[in-house]
Amino acid sequence: MHQAKLCAFSLVLVLAFSILGVASLKSVAAPAPAFGFANYEVARSSDLAHAGVTCSNTGTNCWNWNGEPNIATAPDGTIYATSENTAFNHPSECNDPTGGTISQTLYICGGTGAWKSTDRGNHFSTLTSPNTNFQSGYGITLWGGDTHVAVAPAKNLNGQYNVYVVSHEAAVVGLVGVGESTSQDGGQTWSNNPFAIQFTNPIANPLVEDRPWVAAYGSTEVCISVHEGAVIGDVWCSYDSGLTFTQVGSAFDALHSWLVAETSIPGAIHIDPNTGYIYVPFSGLASATEAANPVEVACGGLTGINCPYKLHTVYMAVSTNGGLTFTDYTVYVNPNNQVNYGSNFLAMAVDRAGNLYEAYSDGVSLFYSYSTDTGQTWHGPYQVNQAPSSWAIEPWLTAGDPGKIDIVWYGTNNCGAAITDADNCQQSATWSVFFAQNRNVFASPTGFTQQQVTEMIHMGPVCLNGGGCQSYRGLFDDFGVTADPTTGMATVVYDNDMYTPSNSNNLPNPDCTSQYTSSSDPAQQNCVHTVIAHQTSGTGVFRKHSFRITGESLTQESDLAHADYNVQGQNDGEAPITALSVSLAGVSLPLTFSSALPLQPGATISGQSVISLQTVLLVLGTAYPVDVTATFVDGTTITQPTTVAYTIA
């Protein structure tokens, strides 16, 4: 419909110019993109041989065969990413003549991929796998399936933020449990908890623990939610950094017990770092009446009976007592009971003020709702995606300051007429990662700036039904976005299964030797890999913190007993600066400012310090290191190192 309107409008313009006799028109440059993004692939992560490789680089070692990634940021801006190791599709990695089965059973290959960025997303270094080596006696391998990562919001006793990674424990017979790994030293080493959660709620299938999610609170608390059989399952919490999981609570309250077996696999668990409130988003049927319908009771894949109702209702499970009990609140009920929100994971985020945001896709369009009262009442839904992303699936989002959110998804404009299931898209469909930002949700809930941030990363159908898909799982089921707490810039981690041997930032792995041509071509899964899209320009969801030094001098006074240090700068961020300090060669200098603090965004200031040469010995012609530290209204500090030469005035 939008394309038809555009064509009609273009025809009107052509006729109008013809009537006016306009012979030629000057070309008009396209508007600059609102956001800049740099895309690059990360390196392999399965054993010590690859640890320390930093990407992007000018070499040829930035390639991997991971898929279905996720991402999280520590309060200090350190970013961690994880992704499944798809060794089961790459027997050459196992170096096993049987094709990989024996090696995988003995956990020789596989394991979750892990990476770390200490320069705010510009580069990622490879870490050792969080779960390659487990205790003896467990005849399993962690392929790294359904991995998820979280970072503690408070430092541990070592002055580090704990990093937690969960994934499937896979054996030849299928999924048997959830493993959890903890790093207390910034991802350098990992302690493993195999079978952290195992056989906890054997309602439908006692051997299935599916889709674990992890969230952290304080310095040592970590909670995991899992999907067990046909039910949403439980939330398990540990208070000793994942060593033991001693507390379990059901995400269903007594009034919603009928939702058992009538819900989607839940979205990622979140914990508000300020209150400790725990949130689990999910979709399901709308009422006990729908759940009790005899056909609904009997329907499903095992019986082959079509279900009369789809999962057309969005929920949020809320715990205000640390996960002991939950209350289930309705976010949105679509009056069309054939709309299905259950094929995509529901994503959510919590902003700095505790406001909640929940995003959900019906397979075609992407919506979100928000709550300002800890999930009790909700506003929305509001549609997010616009052309050229006519289809939007697998949403993820992050929140920053109150009312500021980033949302990402896989989008296309040519899935096919009337297609509502991406698994049925035409092969010519071209998919990319899309990014949308709203910096004032409460005043303008639909006020998003949308932008495509990648080239084509997939073509054709996209599987959203796990093992029940018609096509290969080239994009798997989810990916992630996070935001830097200081700059507000976003970092996205996503899947790409295109064969691009000439792109140094998107190299194929050794088993990816050709471009797939159909949804059943094995080259599709052979080529899947994990890539980063880092925001390099534009606005962010946190107030930007920045103090720019515009001038600096260190000169000798005429009395030869003193020196003058002068500095000029501008607050080119978005948060007021409440304090400025300077140290010269490690010595703190008292400053007299030209104007009173706080220094508002956009304002300039100059400072002067008279230095006694009896206190600080300075030599003419020597350059000295200077650290200028700005403290912002929210307590954030930024230190800029510079050098200044000591000269004669």
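Residues numbered from 1 in each chain as written. Predicted model: local features only at pLDDT ≥ 70, side-chain atom pairs only at ≥ 80, totals over all residues. Heavy atoms only, no water.

Once that is clear, we can look at the overall build of the chain. Within the chain one finds six helices and 38 strands. Scored against the burial criterion, the 649 residues of the chain give a buried share of 54%. Within the chain, residue pairs in contact and separated by at least 24 positions form 61% of the contacts whose partners lie at least 6 positions apart. Carbon and sulfur atoms make up 55% of the accessible area of the chain, which amounts to about 26200 Å² in all. (Helix = DSSP H or I, 4+ residues; strand = E, 2+ residues; numbered from the N terminus. Buried < 20%, exposed > 50% of the residue type's maximum accessible area, 1.4 Å probe, protein only. Contact = heavy atoms within 4.5 Å. Areas by Shrake-Rupley, 256 points an atom, 1.4 Å probe, with all protein chains shown as cover.)

Here we take up the state of the cysteines. Scanning all chains against the criterion turns up five disulfides. Residue C223 pairs covalently with C237 via a disulfide, S to S 2.1 Å. Taking the torsion about the sulfur-sulfur bond, which here is approximately 105°, the covalent link between C223 and C237 counts as right-handed. Here C223, found in strand β12 (residues 221-228), pairs with C237, found in strand β13 (residues 234-238); they are 14 residues apart in sequence, far enough to count as distant. The pair formed by C223 and C237 is uniform in burial state, with each residue classed as buried. (Disulfide = S-S within 2.5 Å.)

This part takes up the nonpolar core. Counting residues in hydrophobic clusters, the biggest one holds 68 residues, and the most contacted among them are Y368, I407, Y410, W431, V492 and Y494. Counting residues per element, this core draws most heavily on strand β23 (residues 391-399), which supplies six residues. Counting residues in hydrophobic clusters, the runner-up holds 25 residues, among them L554, L613, Y624 and A630. (Core = buried A, V, L, I, M, F, W, Y, C linked by side-chain atoms within 4.5 Å.)

Across a sheet, strands are paired by hydrogen bonds formed along the backbone, either parallel or antiparallel in direction. An order of β34-β33-β37-β38-β31-β32-β36-β35 is seen for the eight strands of this open sheet, with the pairing classed as mixed. Both edges of this open sheet fall to β34 (587-589) and β35 (592-593), since each of them pairs with a single strand only. Strand direction decides the pairing type here: strand β33 (residues 577-584) and β34, joined by three bridges, are antiparallel. Bridge pairing links V582 to L589 in β34. (Pairing = 2+ DSSP bridges.)

Attention shifts here to the environment of G113. Note on placement: G113 falls in strand β5 (residues 113-117). Counting along the chain gives 417 residues from G113 to T530, while the straight-line C-alpha distance between them is 9.5 Å. When sequence neighbours within four positions are dropped, the list of residues in contact with G113 reads S45, N66, A81, T82 and S83.

As a further point, take the packing of aromatic side chains. By the definition in use, this model includes 15 aromatic pairs. Here a set of aromatic residues connected by ring pairs shows up, and it is made of Y368, Y370, Y382, F442 and F448. Lying over the aromatic face of W213, R211 brings its terminal NZ or CZ to 4.1 Å of the ring centre. (Phe/Tyr/Trp six-rings, centres within 6.5 Å; stacked < 30°, edge-to-face > 60°. Lys NZ or Arg CZ within 6 Å of the ring centre and 35° of its normal.)

With that out of the way, let us pick up the sheet that holds strand β30 (residues 529-537). Reading across from one edge, β1-β30-β29-β28 is the order of the four strands in this open sheet, with antiparallel pairing throughout. At either margin of the open sheet sits one strand with a lone partner, and together these are β1 (36-41) and β28 (480-483). Ignoring which end each strand starts from, the neighbouring axes of this sheet average 25° apart. (Axes fitted to C-alpha atoms, helices over the stretch in contact; angles between N-to-C directions.)

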